[in-house]
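One letter stands for each residue in the lines below.
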Amino acid sequence: MFIGKVVGTVVSSIKDPKVAALKFQVVQELDERNRPRNKYVVAADTIGAGQGDLVLFSQGSSARQTTLTDGRPIDAAIFAVIDSWDVNDELVYQKEGLERLGRSPAED
Amino acid sequence: MYLGRVIGRVVATQRLPGLLGEKLLIVQPLDEKGETAGESVVACDVVDSGLGDVVHVCDGRESSMALRDPFVPVDATIVGHVEEFEHAEPAGAGGETRTGRE
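Analysis parameters
- Residues numbered from 1 in each chain as written.
- Chains lettered and ligands numbered in written order.
- Predicted model: local features only at pLDDT ≥ 70, side-chain atom pairs only at ≥ 80, totals over all residues.
- Buried ≥ 20, exposed ≤ 12 C-beta atoms within 10 Å, placed from the backbone.
- Helix = DSSP H or I, 4+ residues; strand = E, 2+ residues; numbered from the N terminus.
- Pairing = 2+ DSSP bridges.
- Contact = placed C-beta atoms within 7 Å.
- Nonpolar A, V, L, I, M, F, W, Y, C, P; charged D, E, K, R; others polar.

Draft legend 1. Broad picture of the pairing of strand S6 (residues 84–87) of chain A. Covered by surrounding structure in S6 of chain A are Ser84 and Asp86 of chain A together with Trp85 and Val87 of chain A, the residues of both alternating faces. Here four bridges tie S6 of chain A to strand S1 (residues 2–11) of chain B, and the two strands are oriented antiparallel to one another. The residue bridging valine 87 of chain A from the neighbouring strand is glycine 8 of chain B, located in S1 of chain B. Here S6 of chain A pairs with strand S7 (residues 90–94) of chain A via four bridges, running antiparallel. When the bridges of S7 of chain A are listed, tryptophan 85 of chain A appears paired with tyrosine 93 of chain A. The loop that links S6 of chain A with its antiparallel partner S7 of chain A comprises two residues; one of these, asparagine 88 of chain A, has a positive phi angle of about 50°.

See the structure below:
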């Protein structure tokens, strides 16, 4: 799985009926320091992520292992919205609005 | 599968129900000599790994088989801790042994 940022939504009116009910989003891949990698994917959203959210997505046949994507031609799926992450016990990213909880995961 | 070092943790409360309770860690892949190789990945953890641990990571669809609910879109799981691994030079230049924990 990789960390990514939802940077856009895909609108397509002519598509396979098997993927007609799915929401597709453009995801910019990020590295562990929250810097964009030179890669992006179009991923099926299974969790209701919004524009600008940092998310986790998986690729390959694993992406079909959800009730929404099972048996459908999908090779990338968003399955979680990230609250925060840390690298070497240093907080790298925290979602807006969580700061006031006054607690970072590194303090667990 | 490949070797990697745990370098971080990810917190995500909004996730698919089948993934509730699964631990998510950031892993830096290592090459056969134990050097950093390639881009970091996020992996589920079933063996209680911690920061700095050298681990082996199963990737692809099979990786979800290690989880409590195997029907989840997971493509990387930490399935073991590495105490030690050996790497023999191809030209008979002598192998070396690396320890997992530093």
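Now that the structure is up, let's keep going.
Draft legend 2. How the structure looks around the interface of chain B and chain A. On the side of chain A, 30 residues touch chain B, which itself brings 27 residues to the contact. Among the elements of the structure, S1, strand S2 (14–15) and strand S4 (41–45) of chain B are those that each provide at least two residues to the side of chain B that touches chain A. Top contributing element to the side of chain B that touches chain A by residue count: S1 of chain B, with five residues. Of the residues contributing to the side of chain B that touches chain A, the split by class is 16 nonpolar, six polar and five charged.

Draft legend 3. Quick look at unusual backbone geometry. All names here are of chain A. Phi at asparagine 34 is positive, roughly 65°, even though this residue is not glycine. A count of 13 C-beta atoms within 10 Å places asparagine 34 in the partly exposed class. In this structure, aspartate 89 is a non-glycine residue whose phi angle is positive, near 65°. Along the chain, the position of aspartate 89 falls in the loop between S6 and S7.

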